[in-house]
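# Examination of the molecular architecture
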Amino acid sequence: MHYFLINTHHPSTQLGVSWVPKGLYLYCLALYCRGGSYDYSTRYTNENIFGNFHYESDTDFELVTLPKNFAYSRGARCLDGTPPAYYFRAGAVSSQFWIIHLLPGAWCENKQQCYERSLSQLGSSKKADTSITPGGMFSKDCKINPQFCTWNVAVFLYCDGSSFLGNVSSPMIYKSAKIYSRGALNFDALLEYVLLTTRLKQAEQVILTGSSAGGIAALIHADRLRTRLPPSVHSLHVVVDGSMFVDVPDIKGNATLANLFRNIYELHNIKAAESIQECTTTSKEGWKCLLVGNYHSYVFTPVFFINSVFDTWQRNELLQIPCFEEICPDHYIESVYTARDAVHLVAKDVNKAEKNGIFLTSCPAHSLLSKRTFFELRMGKEVMSDILSLWLLHSKSRKLSDSPLTLLEGIETCGTFRHGWTVGPAPTS
């Protein structure tokens with residue numbers, strides 16, 4: 001059993017899609033609903049040697065690293081000082097439909113962690129994979145993903161450890177290495193470069209998505225993105241996946257999440273990031289602006305939230321529950337239910353805004369957007385992908401199930417989505 005809350009958009013957003021014929025929501029998110037065609041004749045200037053290649057290649061998502069002079073002149077750098085980068089797949093039908101995705105990857109909360117990340121693709125474009133093949137909403141297989149398979153997609157490499165929000169002018173020094181925290185500048189530079197060198201400047205519909213740490217970034221950057229997109233864009237939506245982290249004690253009573261977010265906020269000077277300042281300037285504790293449950297009220301753009309009430313990353317990292325395949329004792333499960341109830345409270349608050357939509361599942365999981373769960377998790381006869389499509393098309397339907405499952409029921413119902421949960425009495429020694 002899964003349940004979701006889905007609402008209509010607020011009329012003040014003026015993001016209607018008036019051309020969509022009723023009943024064709026599965027396919028009318030792509031231009032072929034309008035009888036359009038892809039224009040292969042357009043070419044770009046020499047500035048964009050990557051753009052020509054990507055528009056003419058059958059390869060899926062390939063890495064594009066920003067030129068050093070472009071990135072460095074804007075202060076944009078990964079943790080190790082390399083230029084930021086993004087993965088790109090050109091749409092097969094039109095230049096008008098775009099997804100910008102912000103990758104997950106947690107955070108670094110001290111110099112040592114940031115240094116360690118700088119040695120991998122979590123902190124270096126030089127270490128990044130040259131190509132990726134994400135699934136779910138980003139799959140190019142139109143048999144399983146008819147709604148979005150033809151969209152243009154830019155996936156921003158997450159190499160700053162700060163949810164694209166870091167803003168430290170001078171590099172940190174650790175083991176004689178310079179470590180840069182420029183996440184907010186990375187987001188701006190990546191967006192500017194994509195606008196300059198691809199057909200994003202011709203876009204009509206844009207969806208900003210993000211998973212986990214990237215979901216927090218998507219929520220916080222949403223309204224700033226709106227101001228920087230071309231006038232041709234008449235529809236901007238945001239999808240936040242697996243980012244409803246809640247400030248509840250771990251199994252030892254420690255404030256693990258609060259300490260983590262406070263450290264991230266201070267280390268990366270997040271208060272200086274322009275996108276978040278409306279919240280931080282009015283909050284006594286600025287780090288709390290990183291919580292989805294707090295920041296959503298500052299966002300004008302319509303947002304769709306996807307989350308498990310039994311988030312597995314929160315279980316492991318924030319609740320500090322050590323059992324995985326082992327059997328969990330009852331007092332550990334009580335902490336899980338405390339977190340579940342806190343997620344419900346966030347969902348009810350988010351639902352007060354008519355522009356927003358929510359899909360919650362009792363399946364233990366973390367992010368769901370780029371996995372097969374996007375096509376398989378259901379509410380009644382409707383799968384998550386269809387529910388999101390309805391919301392994007394401003395469906396006036398509202399569905400709500402208000403009977404949360406226990407953890408055991410969630411595991412038993414979800415089958416292959418169980419993610420290692422086993423519930424029962426504590427083992428005896």
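To continue, consider the overall build of the chain. Per the secondary structure count, the chain includes 13 helices and 14 strands. Counting all 429 residues of the chain, 59% fall into the buried class. In the chain, once contacts between residues fewer than 6 apart in sequence are set aside, the share between residues at least 24 apart is 79%. Summed over all atoms, the accessible surface of the chain reaches about 17400 Å², with 52% contributed by carbon and sulfur.

Here we take up the confidence of the model for the chain. Chain-level pLDDT for the chain is 83 on average; 79% of the residues reach the 70-or-more range. Confidence drops under a pLDDT of 50 for residues 1-57, and excluding neighbours within four residues, the segment shows 168 contacts in the predicted structure. When the criterion is pLDDT under 50, residues 416-429 qualifies, and its contacts beyond four places in sequence or with other chains add up to 43 contacts.

Summed over the entire model, instances satisfying the criterion amount to four disulfides. Linked covalently through their sulfurs, C78 and C159 form a disulfide whose S-S length is 2.1 Å. Residues C78 and C159 share a disulfide whose torsion about the S-S bond is about -75°; that sign makes it left-handed. Of this pair, C78 sits in the loop between helix 2 (68-72) and strand 3 (85-89) while C159 sits in the loop between strand 6 (152-156) and strand 7 (172-174); the two residues are 81 residues apart in sequence, bridging distant segments of the chain. The same class applies to C78 as to C159, namely buried. Across the disulfide from C279 sits C289; the S-S distance is 2.0 Å. Sign of the S-S torsion, about -90° for the bond between C279 and C289, identifies this disulfide as left-handed. In this pair, C279 is assigned in helix 7 (residues 277-280) and C289 in the loop between helix 7 and helix 8 (292-295), connecting sequence segments 10 residues apart. Overall, the relative accessible area of 3% leaves C279 in the buried class.

Turning our eyes to something else, we now look at unusual backbone geometry. A positive phi is found at A106, a non-glycine position, where the angle reads about 60°. For A106, the location among the structural elements is in the loop between strand 4 (97-102) and helix 3 (111-118). Positioned with a positive phi, S212 is a non-glycine residue whose angle comes to about 55°. On the secondary structure map, S212 appears in the loop between strand 9 (205-211) and helix 5 (213-228).

With that settled, consider the side chain of H296. Tracing the backbone through its elements, the reader meets H296 in the loop between helix 8 and strand 11 (303-308). There is a polar contact of 2.9 Å between the side chain of H296 and the side chain of D349. In this structure, H296 is in contact with L219, F305, D349 and V350, ignoring residues within four places of it in sequence.

On to helix 6 (residues 256-267), then. Relative to the 16 Å expected for 12 residues at 1.5 Å per residue, helix 6 spans 16 Å between its end C-alpha atoms, a close match to the ideal helical length. Within helix 6, burial applies to T256, L257, A258, L260, F261, I264, Y265 and L267. Buried residues along helix 6 sit in contact with helix 3, strand 7, helix 5, helix 7 and helix 9 (312-318). With its phi angle positive at about 50°, N269 sits one or two positions after the end of helix 6.

Here the structure, examined in full by the defined rule, presents eight salt bridges. A salt bridge links R224 to E274; the nearest nitrogen and oxygen atoms lie 3.2 Å apart. You can see R224 sitting in helix 5 and its partner E274 sitting in the loop between helix 6 and helix 7, a full 50 residues away along the chain. Taking the relative accessible area as the measure of exposure, E274 reaches 56% and is therefore exposed. The salt bridge partner of K288 is E285, with a shortest N-O separation of 3.0 Å. Overlapping salt bridges, with partners in common, bring together D188, R224, R228 and E274 in one network.

Quick look at the nonpolar core now. Among the nonpolar cores identified, the biggest contains 85 residues, and Y86, F156 and F261 are the most heavily contacted of them. I99, I132, L157 and W391 belong to the second-largest nonpolar core, a separate cluster that totals 35 residues.

The interhelical angle for the contact between helix 4 (residues 183-197) and helix 5, taken along N-to-C directions, is 35°, at an axis separation of 12 Å. As helix 4 runs across helix 5, the sense of the crossing is right-handed. Residues F187, D188, L191, E192 and L195 of helix 4 pack against H221, R224, L225 and R228 of helix 5. Looking at the contact of helix 4 with helix 5, its residues break down into four nonpolar, one polar and four charged.

One turn of the α-helix equals 3.6 residues, which is why residues spaced by three or four share an orientation. Inspection of helix 3 places C114, Y115, R117 and S118 among the buried residues, and these make up the whole buried set. Axial view of helix 3: buried residues confined to an arc of 160°, hence all on one face. On its buried side, helix 3 packs onto strand 7, strand 8 (177-179) and helix 6. Here helix 3 starts with a cap whose side-chain oxygen sits 3.2 Å from the backbone nitrogen of Q112, and that cap is N110.

All right, on to the packing of aromatic side chains then. The description of an aromatic ring pair rests on the distance of the ring centres and on the angle between the ring planes. Throughout the structure, instances matching the rule amount to 19 aromatic pairs. With centroids separated by 6.4 Å and ring planes inclined at 85°, the aromatic side chains of F245 and F261 adopt a geometry described as edge-to-face. Of the two residues, F245 sits in the loop between strand 10 (235-241) and helix 6 while F261 sits in helix 6, which places them 16 residues apart along the sequence. Judged by its relative accessible area of 1%, F261 is buried. In this structure an aromatic cluster arises from ring pairing among F97, F148, W151, F374 and F375. Positioned above the aromatic ring of Y72, the side-chain terminus of R77 is 3.8 Å from the ring centre.

Cut-offs used in this document
Residues numbered from 1 in each chain as written. Predicted model: local features only at pLDDT ≥ 70, side-chain atom pairs only at ≥ 80, totals over all residues. Heavy atoms only, no water. Helix = DSSP H or I, 4+ residues; strand = E, 2+ residues; numbered from the N terminus. Buried < 20%, exposed > 50% of the residue type's maximum accessible area, 1.4 Å probe, protein only. Contact = heavy atoms within 4.5 Å. Areas by Shrake-Rupley, 256 points an atom, 1.4 Å probe, with all protein chains shown as cover. pLDDT = per-residue confidence, 0-100. Disulfide = S-S within 2.5 Å. Polar contact = N/O pair within 3.5 Å; in protein donor to acceptor, adjacent residues only side chain to side chain. Expected span 1.5 Å × (residues − 1). Salt bridge = Lys/Arg side-chain N within 4 Å of Asp/Glu carboxyl O. Core = buried A, V, L, I, M, F, W, Y, C linked by side-chain atoms within 4.5 Å. Axes fitted to C-alpha atoms, helices over the stretch in contact; angles between N-to-C directions. Left-handed = near helix turned anticlockwise from the far one by under 90°. Nonpolar A, V, L, I, M, F, W, Y, C, P; charged D, E, K, R; others polar. Arc of directions from axis to C-beta. Phe/Tyr/Trp six-rings, centres within 6.5 Å; stacked < 30°, edge-to-face > 60°. Lys NZ or Arg CZ within 6 Å of the ring centre and 35° of its normal.

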